[in-house]
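Summary of the model geometry
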Amino acid sequence: MSRGHALVTGGARRVGRAIALELARAGLDVTITFDRSASDAKATAEAISARGVRGESIAFTLDDPKRVHEACVDLAAQWEHGRGLDVLVHNASVYGPMAVGAMDAGDAERVMRVNAISPLVMTAAFAGLLSRSKLEGGGSVVAMADIHAMGRPRRDHAAYSMSKAALVEMVRSLARDLAPKVRVNAVAPGVVAWPERGAESDRAMQEAYLSRVPLGRAGTVEDAAEVVRWLALEARYITGEIVRVDGGRWLA
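Here's a quick rundown of the structure. Predicted model, so just to flag it, every value in this text is computed and none were measured.

Before going further, it helps to examine the sheet that holds strand 3 (residues 55-59). Adjacent strands of a sheet form backbone hydrogen bonds with each other and so pair up, either parallel or antiparallel. Taken in spatial order, the seven strands of this open sheet run 3-2-1-4-5-6-7, and their pairing is parallel. Looking at which strands have only one partner, the edges of the open sheet turn out to be strand 3 and strand 7 (242-245). The average undirected angle you get between the axes of adjacent strands in this sheet is 20°. Sheet topology places strand 2 (residues 29-34) next to strand 3; five bridges connect them, and they run parallel. Paired with isoleucine 32 across the strands is serine 57, a residue of strand 3. In this fold helix 7 (residues 221-234) packs onto strand 4 (87-90), strand 5 (139-144), strand 6 (182-189) and strand 7, with an angle of close to 165° to the strand it touches most, strand 6.

On to the packing of aromatic side chains, then. One pass over the full model with this rule turns up three aromatic pairs. Between tryptophan 79 and phenylalanine 126, the ring centres sit 5.9 Å apart and the planes meet at 20°, which makes this aromatic pair stacked. Of this pair, tryptophan 79 sits in helix 3 (residues 65-79) while phenylalanine 126 sits in helix 4 (residues 105-131), and the two are 47 residues apart along the sequence. Grouping residues by exposure puts tryptophan 79 and phenylalanine 126 together as buried. Ring geometry for tyrosine 95 and tyrosine 160: centres 4.7 Å apart, planes at 85°, overall edge-to-face. Of this pair, tyrosine 95 sits in the loop between strand 4 and helix 4 while tyrosine 160 sits in helix 5 (residues 158-177), placing them 65 residues apart in sequence. Taking relative accessible area as the criterion, tyrosine 95 reaches 32% and is therefore assigned partly exposed. Sitting over the ring of tryptophan 250, arginine 152 keeps its end group 4.9 Å from the ring centre. Taking NZ or CZ as reference, arginine 249 lies 5.5 Å from the ring centre of tyrosine 209, over its face.

Before going further, it helps to examine the packing of helix 3 against helix 4. How two helices sit against one another is set out by the angle between their axes and by the gap between those axes. Contact pair helix 3 / helix 4: the axes reach a minimum separation of 9 Å and the direction vectors enclose 25°. Regarding the angle of helix 3 to helix 4, the classification is roughly parallel. Taken as a pair, helix 3 and helix 4 cross one another with a handedness that is right-handed. Residue-level inspection shows Pro65, Val68, His69, Cys72, Val73, Leu75, Ala76 and Trp79 of helix 3 in contact with helix 4, the latter providing Arg113, Ile117, Ser118, Val121, Met122, Ala125, Phe126 and Leu129.

Moving on: the pairing of strand 6. Most of strand 6 is tucked away: eight of the eight residues are buried. The two faces of strand 6 match: Val182, Val184, Ala186 and Ala188 on one face and Arg183, Asn185, Val187 and Pro189 on the other face are all buried. Note that strand 5 and strand 6 share six bridges and pair parallel. When the sheet's bridge partners are listed, methionine 144 is paired in strand 6 with valine 187. Traced from strand 5 through helix 5 to strand 6, the parallel crossover comes out right-handed. In the sheet, strand 6 pairs with strand 7 via four bridges, with the strands oriented parallel. By the bridge assignment, valine 187 is partnered in strand 7 with valine 243.

In this structure, Phe60, Met122, Phe126 and Val184 are the most contacted members of the largest nonpolar core, which totals 46 residues. For this core, the secondary structure elements donating two or more residues are helix 3, helix 4, strand 5, helix 5, strand 6 and helix 6 (203-210). Element by element, the count of residues in this core is highest for helix 4, at 10 residues. Other than its neighbours up to four places away in sequence, phenylalanine 60 contacts Thr33, Phe34, Asp35, Val68, Ala71, Cys72, Leu75 and Met122. Leu21, Ala24, Phe34 and Ala41 belong to the second-largest nonpolar core, a separate cluster that totals 35 residues.

Reading guide: rules and limits
- Residues numbered from 1 in each chain as written.
- Predicted model: local features only at pLDDT ≥ 70, side-chain atom pairs only at ≥ 80, totals over all residues.
- Heavy atoms only, no water.
- Pairing = 2+ DSSP bridges.
- Helix = DSSP H or I, 4+ residues; strand = E, 2+ residues; numbered from the N terminus.
- Axes fitted to C-alpha atoms, helices over the stretch in contact; angles between N-to-C directions.
- Contact = heavy atoms within 4.5 Å.
- Phe/Tyr/Trp six-rings, centres within 6.5 Å; stacked < 30°, edge-to-face > 60°.
- Buried < 20%, exposed > 50% of the residue type's maximum accessible area, 1.4 Å probe, protein only.
- Lys NZ or Arg CZ within 6 Å of the ring centre and 35° of its normal.
- Parallel < 35°, antiparallel > 145°, perpendicular 65-115°, else oblique.
- Left-handed = near helix turned anticlockwise from the far one by under 90°.
- Right-handed = clockwise from strand over helix to strand, strands pointing away.
- Core = buried A, V, L, I, M, F, W, Y, C linked by side-chain atoms within 4.5 Å.

So yeah, pure geometry; function would need other evidence.
See below:
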């Protein structure tokens, strides 16, 4: 029997890389997707393989849902009689401020395509494979949500928050549609990896944010990855849930 196979979108860097390595440590073969980070993806695939499982990276863009569907149908056919697919992690996303007064409709639509529509299309394309998973607990889908799209909105992030709110509703809807053979859940971080550019890379802004976090620190990419692994492989009687990983920020 296969030891299990996971697909992690946007798995080359940051949170996606940590998720891929955590699933590899758990004994799964891991395929990651990347858009522009080819060298980082190669390094991550090698790090996965160094854990004694199979690591692979494939170039993949989420900006065109029709092409996403076609690519996933092709992958599903390739994996049908071999690796299969047991865990699908929707990690790749577009993030950034977009002030209402300067909002561009095309940019807003792209955020929705990447963050919500393509994950739905991917899940639909892989649903058959996931439903045939031999892992205990069956197939699993885990999406990366955001506590700030669940009632803690940031200024100038309406398009992003709308897309992540749609992703959360996708999780709840597909948890019903794909049961009982596939579980669908989400992880909603507060901060587990600060943006590398923009206002949120400013130290003063970060300290102001952390002053509202009861645990008094930012999370780590490993904090998020551990919860993804738990939902994917161990939480066998949980579906349709959104697990906040925010150090208590939701309470403050």
